[in-house]
Amino acid sequence: MQRIVVPAGGIGGARFLRGLKRAAPEAEITVIGNTGDDIHLFGLKICPDLDTVMYTLGGGIHEEQGWGRAGETFAVKEELAAYGVGPDWFGLGDRDVATHIVRTRMLAAGYPLSAVTEALCARWNPGVRLLPMSDDRVETHILIDDPEETGETGGPVDTGAPAEGEGAGEDSVRRRAVHFQEYWVRMRAAVPARAVVPVGADRATPAPGVLEALGKADVIVFPPSNPVVSIGSILAVPGIREAVADAGAPVVGLSPVIGGAPVRGMADRVLAAIGVPATAPGVAAHYGAGLLDGWLVDTVDADAVPEIEAGGVRCRAVPLLMTDEEATAAMAREALALAEEVRA
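Model, not experiment: these values are computed from the prediction.

A surface patch of nonpolar side chains, amounting to about 320 Å² of accessible area, comprises F42, Y83 and V85. Counting through the fold element by element, Y83 comes out in helix α3 (residues 75–83). You can call Y83 exposed: its relative accessible area is 68%.

This part is about the sheet that holds strand β6 (residues 139–145). Judged by pairing direction, the sheet is antiparallel, and its 3 strands sit side by side in the order β7-β6-β8 without closing on themselves. Edge strands, defined here as strands with exactly one partner in the open sheet, are β7 (175–179) and β8 (193–199). Each strand axis lies, on average, 30° off the axis of its neighbour in the sheet, ignoring direction. When β6 meets β8, the two strands line up antiparallel, connected through 6 bridges. Bridged to I142 within β8 is V196.

Read from one edge of the open sheet, 7 strands run β5-β2-β1-β9-β10-β13-β14, paired in parallel fashion. Across the chains shown, the open sheet's two edge strands, defined by having one partner strand only, are β5 (129–132) and β14 (314–317). Between one strand axis and the next, the sheet turns by 20° as a mean value, whatever way the strands run. Here strand β2 (residues 28–33) pairs with β5 via 4 bridges, running parallel. Across the sheet, the residue bridging to I32 is L131, located in β5. Where helix α11 (residues 280–287) meets the sheet, its contacts fall on β9 (219–222) and β13 (294–297), and the angle it forms with β13 comes to roughly 160°.

About the cut-offs
- Within each chain, residue numbers correspond to sequence positions counted from 1 in written order.
- Local features are withheld for residues below a pLDDT of 70 in this predicted model, meaning they are given only at 70 or higher, and side-chain atom pairs are given and counted only at 80 or more; totals for whole chains, interfaces and linings count all residues.
- To get the side-chain values, take all heavy atoms of the structure and skip hydrogens and water.
- Distance thresholds for patches are 9 Å for like charges and 5 Å for nonpolar side chains (Val, Leu, Ile, Met, Phe, Trp, Tyr), applied to residues having over 30% relative accessible area and no salt bridge.
- Note that accessible areas follow from Shrake-Rupley with a 1.4 Å probe, and for residues the cover is restricted to the protein chains shown.
- Salt bridge, as applied in this entry: a Lys or Arg side-chain nitrogen positioned within 4 Å of an Asp or Glu carboxyl oxygen.
- Starting at the N terminus, helices and strands are each numbered in turn, a helix being any DSSP run of H or I of at least four residues and a strand any DSSP run of E of at least two.
- Exposure is judged per residue with a 1.4 Å probe applied to protein chains only, and the accessible area is read against the type maximum: over 50% gives exposed, under 20% gives buried, and values in between give partly exposed.
- Here a strand pair is declared whenever DSSP counts at least two bridges between the two strands.
- Helix axes use the C-alpha atoms of the stretch in contact, all axes being lines fitted to C-alpha atoms, and the angles between their N-to-C directions lie in the range 0 to 180 degrees.
- Note on contacts: a residue pair qualifies if any of its non-hydrogen atoms lie within 4.5 Å across the two residues.

Any functional reading would require information that these geometric values do not contain.
What follows is the structure in structure tokens.
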């Protein structure tokens, strides 16, 4: 049985996984889920990316949104608003709240996140083994400018290093860190990101089973997830990047950028924060030949193939729009075919 390992973020990763299951129905698929998006709100532990994978593969996702539950209602959200309890920018549906209650109670009882995730998946039967990247708390924060005239709340953050402009007198730039969810959902990435900080990642350890799965993989696939705040957060956990780089299996990725723009979301904002061009070759170079063996770009970026291969990564141009499940399965087949080409 072919063993495939997929480090994955939310919507893009989940939809790709659905196509991968169709392309390789007999494969044993292990998903290393990003937990850098996790947030504590209303006394609940919320794991958006884990839940998106679980709901999507288990048939409970809101298909049009790509996140949240199908057939959702929002009575709890409305009641919280009536009490004046915020934040009001993060909308939890009633069905979704039940998942978070179960997770929070199990964590409070002493179960690690990996065991909690396994228990939740027992209901949804996603057809993959879903592992959080770590049982330890990791939360991705975004460093933004915080000039007084913006009217934003919150004070400057001490990042441990001088921010650009510090020491320049009264005109120096004040900065603060906001949780990724606040930056993405409330602020809609409308202000420039100055840095991306996976808080706690340096002290985290991979969840049980993560390194073992990478070591035994026949293929490792980077789906078209956000390379900075999804896959990047996973790779920030000590030991995971090294395990991918040292794996005997081919590592193949699919570009989340087509024609110089993210397929979904605002990945270009966080790519700019780390100085990476929002292009297919830019993201390939960001991962680098030390991690990647193969890279798929969309046909509109076919001219970039020679540049990427000059960097030591085998590259092919194929259609990369996940317009439906069969198109996504075709992408997955191309990724697996490229892996075999690299292996040969």
